[in-house]
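# Report on the structure
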Amino acid sequence: MEKLTVKNLSKIYETKKGSVTALKDVSFSVEESEFVVIVGPSGCGKSTMINIIGGLEEKSGGSVLIEGKEVEAPGADRGMVFQGYSLFQWLNVQENVELGLKMKGVPKKERAEIAGEYVDMVGLSQFRDAMPDELSGGMKQRVAIARTLANDPEILLMDEPFGALDAQTRMVMQEMLSGISEKTKSTILFITHDIDEAILLGDRVIVMTKRPGQVKAELEIRLDCERNHEVFTDEGFIEIKKKIMSMLWDEMSLKGEKE
């Protein structure tokens, strides 16, 4: 079943120098429990697109449907995780994860149990009483992910969630998210500029063109090995990476951005 359907999506910005087309006729879908990753050149409209899907920005044309219903505003059916952690500094880990449930009116005991389950899932059992300023960047992002998952959205939208983390922490977070995805069967749309991350996490990778952003290709990710750090040396992984790199290089070359 399709959770998300994007059809002929376009976005045009009006500037002092004229119209700028960020997205043009973008079409794709995300199936229930599928993990789809979007990669593309810088400035191709990836973040604009996920903001439109999240209801944070208006589209210029086309349609965005969640389970067949047109997206018109933010809603509880979509959970969003950004590069910034957006934690409430006066709440501890457990309270931050409970907040969305509290706003929904979930009884205290029930929301504590639900939030506790996700705190455990992201490996923060020993830090449930810690305040945000006592946490590392990776730990803060774990809290943000747990809080979003606790609200049980129809689809999880993630925009470069690990972009601000160091390489080692990022690898740990990637493996954690891969494990959570497998366990919860969540439907996830994930944006990244990191090709390795895209292949490691995705069931399918959508490659975007340069601006105006369009869908250049869609690749099914089928690997014969575990989704962990050892995957980077797998022959199948390397072949897929070469394909994506070639596509993105073509786009950069067309812009005269060879470096």
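Each remark here, short or long, concerns the structure printed above.
This section reports on the structure supplied with the text. Nothing here was measured: the structure is a model prediction, and the numbers come from that model.

Conventions and cut-offs
Residues numbered from 1 in each chain as written. Predicted model: local features only at pLDDT ≥ 70, side-chain atom pairs only at ≥ 80, totals over all residues. Heavy atoms only, no water. Helix = DSSP H or I, 4+ residues; strand = E, 2+ residues; numbered from the N terminus. Rg over C-alpha atoms; globule rule 2.2 N^0.38 Å. Buried < 20%, exposed > 50% of the residue type's maximum accessible area, 1.4 Å probe, protein only. Contact = heavy atoms within 4.5 Å. Phe/Tyr/Trp six-rings, centres within 6.5 Å; stacked < 30°, edge-to-face > 60°. Pairing = 2+ DSSP bridges. Salt bridge = Lys/Arg side-chain N within 4 Å of Asp/Glu carboxyl O. Axes fitted to C-alpha atoms, helices over the stretch in contact; angles between N-to-C directions.

Glancing now at the overall build of the protein. Along the protein, the regular secondary structure elements total seven helices and ten strands. Taken against the 2.2 N^0.38 rule, which gives 18 Å for 259 residues, the C-alpha radius of gyration of the protein at 19 Å falls within 12% of a compact globule. Projected onto the principal axes, the alpha-carbon positions of the protein cover approximately 55 × 45 × 35 Å. For the protein, with 259 residues in total, the buried portion stands at 48%.

Below, the discussion takes up the side chain of arginine 142. Structurally, the position occupied by arginine 142 is in helix H4 (residues 137-150). If sequence neighbours within four positions are ignored, arginine 142 has contacts with Val122, Gly123, Leu124, Val172, Met173 and Met176.

Before going further, it helps to spend a moment on helix H1 (residues 46-53). Among the eight residues in H1, seven count as buried, and that is most of the element. Within H1, the full set of buried residues consists of Lys46, Thr48, Met49, Ile50, Asn51, Ile52 and Ile53.

Below, the discussion takes up the packing of aromatic side chains. Tallying each qualifying case throughout the model produces four aromatic pairs. Ring geometry for phenylalanine 35 versus phenylalanine 190: centroids 5.8 Å apart, planes at 45°, classification tilted. Residue phenylalanine 35 is located in strand S3 (residues 35-39), and its partner phenylalanine 190 is located in strand S8 (residues 188-191); the two are separated by 155 residues in the primary sequence. With relative accessibility at 1%, the residue phenylalanine 35 sits in the buried group. By relative accessible area, which is 0% here, phenylalanine 190 ends up buried. Ring geometry for phenylalanine 232 against phenylalanine 237: centres 5.3 Å apart, planes inclined by 75°, an arrangement best described as edge-to-face.

With that settled, the discussion passes to the pairing of strand S2 (residues 18-31). Where strand S1 (residues 2-15) lies against S2, ten bridges are found, and the strand directions are antiparallel. Bridged to lysine 11 within S2 is leucine 23. The hairpin formed by S1 and S2 contains two residues between the paired strands.

All right, on to the pattern of salt bridges then. Counted by the stated rule, this structure contains 15 salt bridges. A salt bridge links lysine 3 to glutamate 154; the shortest N-O distance between them is 2.1 Å. A residue pair is termed long-range when its members are at least 10 positions apart, and lysine 3 in strand S1 and glutamate 154 in the loop between H4 and strand S7 (155-159) qualify at 151 residues. A salt bridge links aspartate 120 to arginine 128, with the nearest nitrogen and oxygen atoms 2.6 Å apart. The exposure class of aspartate 120 is partly exposed, given its relative accessible area of 39%. Classification of arginine 128 as partly exposed rests on a relative accessible area of 24%.

Moving on to the sheet that holds S2. Read across the sheet, four strands follow the order S2-S1-S4-S5 without closing on themselves; strand pairing throughout is antiparallel. Each of the sheet's edge strands pairs with one partner strand only, and the pair in question is S2 and strand S5 (69-70). Contacts from H1 reach S1, S2 and strand S4 (61-66), with the element oriented near 120° to S1.

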